[in-house]
Amino acid sequence: MEQILGELTVWHWLALGLILFGIEMMTGTFDLLMVSIAAWLTGGFAWAAPEAYAVWQGQLAFFGIAALALIVIGRTLLSGMRNRGDEHPTLNKRMVSLVGQRGQATGDFSGGNGQIKIGDSVWGAEAADRMVPIHAGDSVVVEGARMTTAIVRKV
């Protein structure tokens, strides 16, 4: 084992960094990114350090310390990068984007269901309060949405 580790060069560390980076791109854990950066930094250390420090023990110690430090930094200072941002609340939710808009009933609501016109579009609608009758031409406001149906209230 000592014979194999004694042969470590800058190229081994750069290759290890590339391999870890490739695995990171497939898994998306973010931790392997930090370890791959530590491998590249160790390659730089092996290239720049004097012979006394660039022995395999020094390289492994540098790699371990750098990897640990970068993982801690990645999990604390850069933790916001790990969290996915929420999508826009109405993105691809056309009915939700209608909430608050005013429209007009296109016909009398029967059993609390009918249709409304907002702009140049006609939408299926349901009365929020089934006790209040909605007739053709009445102004309504969209209070919510359920699937492809607007929940409306008479204005």
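See above for the structure.
This one's a predicted model, so the numbers in the text were calculated from it and none came from an experiment. (Residues numbered from 1 in each chain as written. Predicted model: local features only at pLDDT ≥ 70, side-chain atom pairs only at ≥ 80, totals over all residues. Heavy atoms only, no water.)

Student: Would you mind showing me how to read unusual backbone geometry here?
Tutor: Across residues other than glycine, the phi torsion is negative in most instances, and most of the peptide bonds are trans. If you check the backbone angles, phenylalanine 30 has positive phi at about 75° while not being a glycine. Among the structural elements, phenylalanine 30 can be located in the loop between helix H2 (10–27) and helix H3 (31–48). The exposure class assigned to phenylalanine 30 is buried, which follows from its relative accessible area of 14%. Phi at methionine 147 is positive, roughly 55°, even though this residue is not glycine. Looking at the secondary structure, you find methionine 147 in the loop between strand S4 (139–146) and strand S5 (149–154). (Helix = DSSP H or I, 4+ residues; strand = E, 2+ residues; numbered from the N terminus. Buried < 20%, exposed > 50% of the residue type's maximum accessible area, 1.4 Å probe, protein only.)

Student: What am I meant to see in the nonpolar core here?
Tutor: As a rule of thumb, nonpolar side chains are buried together in soluble globular proteins. In this structure, Phe109, Ile116, Ile134, Val142 and Val152 are the most contacted members of the largest nonpolar core, which totals 14 residues. Here this core takes three residues from strand S3 (residues 121–127), the largest share from any one element. Of all hydrophobic cores here, the second largest spans 13 residues; its members include Leu20, Phe30, Phe63 and Ala67. (Core = buried A, V, L, I, M, F, W, Y, C linked by side-chain atoms within 4.5 Å.)

Student: So what exactly am I meant to see when it comes to the pattern of salt bridges here?
Tutor: Oppositely charged side chains can pair when the atoms bearing their charge come close. Applying the stated criterion across every chain yields a total of five salt bridges. Across the pair arginine 130 and glutamate 126 runs a salt bridge, and its minimum N-O distance is 3.6 Å. Classification of arginine 130 as partly exposed rests on a relative accessible area of 47%. A salt bridge links lysine 154 to aspartate 138; its shortest N-O distance comes to 3.3 Å. With lysine 154 in strand S5 and aspartate 138 in the loop between S3 and S4, this pair connects stretches of sequence that are 16 residues apart. Through salt bridges with shared partners, one network takes in Glu126, Arg130 and Arg146. (Salt bridge = Lys/Arg side-chain N within 4 Å of Asp/Glu carboxyl O.)

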